[in-house]
Amino acid sequence: MILTLYGKENCGLCDQARVTLEMLQQDYSFEIEEINIYNDDKLLEEYHLLIPVIKHKEYLIDSEIIDIEKVETYLKSKKYSENS
């Protein structure tokens, strides 16, 4: 599973989101793909007021101030659905 973290450089909330995802990697198997929204005009327009944004495929898991419990709940649901 790959979770995508949309953000930008020099963004404290983005750094916190990355740390949150890295902590969750200790218990859940997923990769982190980081995308700088300033490298894509479409992403900049879509996410500039929402970053950081964490998505899995097209599903928006959380944005702005990332809630570790919300992300973990999503990961748990995926873990059990993939093992079914």
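Within any chain, residue numbers begin from 1 and follow the written order of that chain's sequence. In keeping with the predicted nature of the model, local features appear solely for residues at pLDDT of at least 70, side-chain atom pairs appear and are counted solely at 80 or more, and the whole-chain, interface and lining totals rest on all residues. As a rule here, side-chain values come from all non-hydrogen atoms in the structure, and water together with hydrogens is ignored.

### What to know about the overall build of the protein
Reasoning step 1: Starting at the N terminus, helices and strands are each numbered in turn, a helix being any DSSP run of H or I of at least four residues and a strand any DSSP run of E of at least two. Within the protein, the regular secondary structure consists of three helices and four strands.
Reasoning step 2: In the protein, the order of α-helices and β-strands from amino to carboxyl end is β-α-β-α-β-β-α.
Reasoning step 3: In this setup the radius of gyration rests on C-alpha atoms only. A globule is expected at 2.2 Å times the number of residues raised to 0.38. By the compact-globule yardstick of 12 Å for 84 residues, the protein fits well, its C-alpha radius of gyration being 13 Å.
Reasoning step 4: Considering only C-alpha atoms, the protein reaches an extent of 40 × 20 × 15 Å along its principal axes.
Reasoning step 5: Burial here depends on accessible area, computed with a 1.4 Å probe over protein chains only, as a share of the maximum for the residue type. Under 20% is buried, over 50% is exposed, and the range in between is partly exposed. Considering the protein as a whole, with its 84 residues, one finds that 35% of them fall into the buried category.
Reasoning step 6: The contact criterion used is simple: two residues touch if any of their non-hydrogen atoms lie within 4.5 Å. For the protein, the share of sequence-separated contacts (at least 6 apart) that also reach a separation of at least 24 residues comes to 60%.
Reasoning step 7: With an accessible surface of roughly 5,600 Å², the protein has 45% of that area assigned to carbon and sulfur atoms.
Reasoning step 8: The charged-residue count follows a simple rule in which Lys and Arg add positive charge and Asp and Glu add negative charge, with His and chain termini not counted at all. Each charge is placed at NZ for Lys, CZ for Arg, CG for Asp and CD for Glu. For the protein, the centre of its 9 positive side-chain charges and the centre of its 18 negative side-chain charges are spaced 5 Å apart. In this description, accessible areas are obtained by the Shrake-Rupley approach with a 1.4 Å probe, and a residue is regarded as covered only by the protein chains that are shown.

### Let's talk about the pattern of salt bridges
Reasoning step 1: Any carboxyl oxygen of Asp or Glu that lies within 4 Å of a side-chain nitrogen of Lys or Arg is treated as forming a salt bridge with it. Inspection of every chain in the model, using the stated rule, returns four salt bridges.
Reasoning step 2: Taking the shortest distance from any N to any O, the salt bridge between Arg18 and Glu34 comes out at 2.9 Å. Of this pair, Arg18 sits in helix H1 (residues 12-24) while Glu34 sits in strand E2 (residues 31-36); the two residues are 16 residues apart in sequence, bridging distant segments of the chain.
Reasoning step 3: Since its relative accessible area comes to 23%, Arg18 is described here as partly exposed.
Reasoning step 4: The shortest N-O distance in the salt bridge between Lys55 and Glu58 comes to 3.9 Å.
Reasoning step 5: Assessed through its relative accessible area of 70%, Glu58 is described here as exposed.

### Quick notes on a negative patch on the surface
Reasoning step 1: Candidate patch residues must exceed 30% relative accessible area and have no salt bridge, after which like charges are joined if within 9 Å and Val, Leu, Ile, Met, Phe, Trp or Tyr side chains if within 5 Å. Taken together, Asp40, Asp41, Glu45 and Glu46 make up a surface patch of like negative charges.
Reasoning step 2: Residue position: Glu46 is located in helix H2 (residues 41-47).
Reasoning step 3: Residue Glu46 is classed as partly exposed on the basis of its relative accessible area of 40%.

### Section: the state of the cysteines
Reasoning step 1: Cysteine sulfur atoms are paired as a disulfide whenever they come within 2.5 Å of each other. Taken as a whole and judged by the stated rule, the model has one disulfide.
Reasoning step 2: For Cys11, the disulfide goes to Cys14, at an S-S distance of 2.4 Å. Here the S-S torsion is close to 70 degrees, and the disulfide linking Cys11 with Cys14 is therefore right-handed. Neither residue differs from the other here; Cys11 and Cys14 are each classed as buried.

### Digging into the packing of aromatic side chains
Reasoning step 1: For Phe, Tyr and Trp, where Trp contributes only its six-membered ring, two rings pair if their centres lie within 6.5 Å, and the inter-plane angle classes them as stacked under 30 degrees, edge-to-face over 60, or tilted in between. One pass over the full model with this rule turns up two aromatic pairs.
Reasoning step 2: Ring centres of Tyr59 and Tyr74 lie 5.0 Å apart, and the angle between their planes is 10 degrees; this geometry places the pair in the stacked category. Pair noted here: Tyr59 is in strand E4 (residues 59-63) and Tyr74 is in helix H3 (residues 68-83), with a separation of 15 residues, a long-range link.
Reasoning step 3: The exposure class of Tyr74 is buried, given its relative accessible area of 11%.

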